[in-house]
Amino acid sequence: MQDFLSAIGRKVAVVNLDPANEQIPYRCAVDISELITLADVMENLKLGPNGGLIYCMEYLEANCDWLQEKLAQLKGHYFLFDCPGQVELCTHHSSLRNIFAQLAKWNFRLAAVHLVDSHYCTDPGKFISVLCTSLSTMLHVELPHVNILSKMDLIEQYGKLAFNLDYYTEVLDLSYLVDHLASDPFFKNYRRLNKKLVEVIEDYSLVSFVPLNVQDKESMQRVMQAVDKANGYSFGDVERRSLAALMSAAVGADFHFASPLGGLPSRTVSQQRRRLSSQGPSVPAALSPSCLLLLDSQSISTLAVQEKYVQAEETTVEEEAGGV
């Protein structure tokens, strides 16, 4: 993702927040290993890997001024925060959530990106577990959230899917999944439990997935658009965007804006740009390729303003055409 964003012209800074990440496979602008490492914690405090990671996150939370000083040197960048993969940090423990809250106070717009291996789709029991974990993470972290099904190019190596891919990405009627599980003698005894679990997931109706194949540029672009929409980057002025590009990111990649007269005049387009710029300066947004990250609660209200403005401009153009 770092290479992809750099290729389209964004200034990207990757921040490694995983103290267990000893061999970093990317260019890192900020590395938590300068502050603390998991190996040192395990050796000096005699903790295991899980306890050591929790201690490292608590230590980072207590020394957020170190992180603030490092990030202040990278103004104007689009941040990618690589977070630890220990699930307890995202579902139960509060340190990582508190760090994100502190980033928000520093005017970062955050979106959380949760990566899930796509091969879990081939096992109904594991997929239900993934849904529960994703939902728990979304509720605990309390950030705009994008769930990603990664390694889609390898999914066929793990067996045939019981349903088509849309069933898993859109998390459709999960009762079919429970029925499919009941065909297994082991899971047949837990049918009521599985039924209650999927009812919780469906009652919240929050979990969905975006498929990702890192070998496919279109797949990478769809993920980028989903995250840009979540953190509000699509509605900022960091990149020059036409009205069509803004609405495409908000409504969908296939959206095309067309005026009844075949397009807006240049004067109206310049008015639109001035109107959007009046919404205020944008703040560098952030994306998380590992587990969680940055966002903007103003994105929905901003979209409403844009839609209202588009309707007003269309009326103006029609009135001018009628006058002619």
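What you are looking at is a predicted structure, and each value in this text was computed from that prediction instead of being measured.

Scoring rules and cut-offs
- Residues numbered from 1 in each chain as written.
- Predicted model: local features only at pLDDT ≥ 70, side-chain atom pairs only at ≥ 80, totals over all residues.
- Heavy atoms only, no water.
- Pairing = 2+ DSSP bridges.
- Helix = DSSP H or I, 4+ residues; strand = E, 2+ residues; numbered from the N terminus.
- Axes fitted to C-alpha atoms, helices over the stretch in contact; angles between N-to-C directions.
- Salt bridge = Lys/Arg side-chain N within 4 Å of Asp/Glu carboxyl O.
- Buried < 20%, exposed > 50% of the residue type's maximum accessible area, 1.4 Å probe, protein only.
- Right-handed = clockwise from strand over helix to strand, strands pointing away.

1. Let's talk about the sheet that holds strand E5 (residues 145–150)
Phase 1 of the analysis: The three strands are arranged E4-E5-E6 in an open sheet whose pairing can be described as parallel. Only two strands of the sheet have a single partner each, and these edge strands are strand E4 (112–117) and strand E6 (209–211). Taken over all neighbouring pairs, the strand axes of this sheet differ in orientation by 30° on average, direction set aside.
Phase 2 of the analysis: Pairing of E4 with E5, which is carried by six bridges, proceeds in the parallel orientation. Within the sheet, the bridge partner assigned to valine 113 lies in E5 and is valine 146.

2. As for the pattern of salt bridges
Phase 1 of the analysis: Per the stated rule, a full pass over the model turns up six salt bridges.
Phase 2 of the analysis: In this structure, aspartate 228 and arginine 10 form a salt bridge, with 2.5 Å as the shortest nitrogen-oxygen distance. Of this pair, aspartate 228 sits in helix H12 (residues 217–231) while arginine 10 is found in the loop between helix H1 (2–7) and strand E1 (12–16), placing the two residues 218 residues apart along the sequence.
Phase 3 of the analysis: What makes arginine 10 buried here is its relative accessible area of 7%.
Phase 4 of the analysis: Among the ionic pairs, aspartate 117 bridges to lysine 151, the shortest N-O distance being 3.7 Å. Placement of aspartate 117 in strand E4 and of lysine 151 in the loop between E5 and helix H8 (165–169) is noted, with a sequence separation of 34 residues between them.
Phase 5 of the analysis: Given the relative accessible area of 24%, aspartate 117 is considered partly exposed.
Phase 6 of the analysis: Note on lysine 151: relative accessible area 44%, which makes it partly exposed.

3. Considering the pairing of E5
As a general feature of sheets, a regular strand has side chains that alternate between the two faces.
Phase 1 of the analysis: Taken across its six residues, E5 has six buried, putting it largely inside the fold.
Phase 2 of the analysis: Neither face of E5 is exposed, since His145, Asn147 and Leu149 on one face and Val146, Ile148 and Ser150 on the opposite face are all buried.
Phase 3 of the analysis: For the segment spanning E4, helix H7 (residues 124–141) and E5, crossover handedness is right-handed.
Phase 4 of the analysis: The pairing of E5 with E6 spans three bridges and is parallel. By the bridge assignment for E6, leucine 149 is matched with proline 211.

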